[in-house]
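# Architecture and fold: a report
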There are 2 protein chains.
Amino acid sequence: MSQKVNLGEQFSRFTDTWSPKIVAAVNDYDVKVAKVQDEFVWHAHDETDELFFVHKGRLVIRLERSDDVVLEPGELFVVPRGVRHCPVADEGAEILLLEPAGTLNTGDADRPGTAGEPVAGSG
Amino acid sequence: MSQKVNLGEQFSRFTDTWSPKIVAAVNDYDVKVAKVQDEFVWHAHDETDELFFVHKGRLVIRLERSDDVVLEPGELFVVPRGVRHCPVADEGAEILLLEPAGTLNTGDADRPGTAGEPVAGSG
């Protein structure tokens, strides 16, 4: 049987940013946590929507053809597939992500990305 | 473009219990919010895992062949497919659910269920 996941505890286990850690799986979807700081890279995921949920801090999701979305703790937003976006967290944030297993965080951007790995010390 | 979702605001829009409201979709998965109070019904979902996340209050997930899982705010648990479980919230709780669209909250229990509907006043 899987274990419950305490988000605060998970975030206490790592310090690196823009490096999602897998904390749970729902069928073939991964639930990931990440610390983010400053600006990421503009990218899109042509094959999947992507859910962002803010646990702590403030995350701004810049969107190519829409107004920025500003997420505070307890708020979530789904970036539709194919929509170019750039996450930014000037003051840092702790976020939860949901997307199909294997999804690279850099999407179609011309640089390496990570699809997530188990959080250190988990389980 | 979809809108951001503020969980607190969503929960302020309804009072009924054990009646999930769809607040977002990620591909063919629904993100739902529900208020829960007292005991639900024992059931299983043979075709899918089910994620529970507690926003407020305390949720106990009784499991047929394992210890109870007690979830406080900021904690989540995935009930694996096929595992009989019974959610209980003696003092009431506000929870978020994630599962494939069309999943009945009663699973295989011999009684009607809901697969979720949009929250009243949403959007």
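### Re the overall build of chain A
- Across its full length, chain A carries 1 helix and 9 strands.
- When the elements of chain A are put in sequence order from the N terminus, they spell out β-α-β-β-β-β-β-β-β-β.
- Its C-alpha radius of gyration of 14 Å places chain A within 12% of the 14 Å reference for a compact globule of 123 residues.
- With respect to the principal axes defined by its C-alpha atoms, chain A has extents near 45 × 30 × 25 Å.
- Counting over 123 residues, chain A shows a buried share of 54%.
- Counting every atom, chain A has about 5,500 Å² of accessible surface; 45% of that belongs to carbon and sulfur.
- Each charge class in chain A can be summarised by its mean position, and for the 12 positive and 22 negative side chains these summaries are 4 Å apart.

### Notes on the packing of aromatic side chains
- Following the criterion strictly, the structure yields 6 aromatic pairs over all chains and no others.
- Over the aromatic face of Phe40 of chain B sits the side chain of Arg111 of chain B, whose NZ or CZ is 5.4 Å from the ring centroid.

### Thoughts on the relation of the copies chain A and chain B
- The two copies are related by a screw motion: chain A maps onto chain B through a turn of 180° and a shift of 0.0 Å along the axis, at an RMSD of 0.0 Å. Interpreted geometrically, this transformation is the action of a two-fold axis.
- Most of the interface of chain A is mirrored in chain B, where 100% of its interface residues again form contacts.

### Thoughts on the confidence of the model for chain A
- Residues with a pLDDT of 70 or more make up 97% of chain A, whose mean pLDDT is 94.
- Scored by ipTM, the complex comes to 0.92, with pTM at 0.94.

### Concerning empty space enclosed by the protein
- Tallied over the entire structure, the rule returns 3 cavities of 30 Å³ or more.
- Within this model, the largest cavity holds a volume of roughly 160 Å³.
- Every residue along the wall of the largest cavity is listed here: Val31, Leu51, Phe53, Leu76, Leu96 and Leu98 of chain A together with Val31, Leu51, Phe53, Leu76, Leu96 and Leu98 of chain B.
- Elements supplying a minimum of two residues to the lining of the largest cavity: β4 (50-57) and β8 (85-100) of chain A together with β4 (50-57) and β8 (85-100) of chain B.
- Partitioning the lining of the largest cavity into residue classes produces 12 nonpolar, no polar and no charged.

### Details of unusual backbone geometry
All names here are of chain A.
- Backbone geometry at Trp18 places phi at a positive 55°, although glycine is not the residue there.
- Along the chain, the position of Trp18 falls in the loop between α1 (7-11) and β2 (21-26).
- Trp18 sits in the buried class, given a relative accessible area of 18%.

Analysis parameters
- Residues numbered from 1 in each chain as written.
- Chains lettered and ligands numbered in written order.
- Predicted model: local features only at pLDDT ≥ 70, side-chain atom pairs only at ≥ 80, totals over all residues.
- Heavy atoms only, no water.
- Helix = DSSP H or I, 4+ residues; strand = E, 2+ residues; numbered from the N terminus.
- Rg over C-alpha atoms; globule rule 2.2 N^0.38 Å.
- Buried < 20%, exposed > 50% of the residue type's maximum accessible area, 1.4 Å probe, protein only.
- Areas by Shrake-Rupley, 256 points an atom, 1.4 Å probe, with all protein chains shown as cover.
- Lys, Arg positive; Asp, Glu negative; His and termini not counted.
- Charge placed at Lys NZ, Arg CZ, Asp CG, Glu CD.
- Phe/Tyr/Trp six-rings, centres within 6.5 Å; stacked < 30°, edge-to-face > 60°.
- Lys NZ or Arg CZ within 6 Å of the ring centre and 35° of its normal.
- Least-squares fit on C-alpha atoms with pLDDT ≥ 70 in both.
- Contact = heavy atoms within 4.5 Å.
- pLDDT = per-residue confidence, 0-100.
- 1 Å grid on protein atoms, 1.4 Å probe; cavity = no way out; pocket = protein on both sides within 12 Å on 5 of 7 lines; lining within 4 Å.
- Points joined across faces, edges and corners; volume = space filled by probe spheres on them.
- Nonpolar A, V, L, I, M, F, W, Y, C, P; charged D, E, K, R; others polar.

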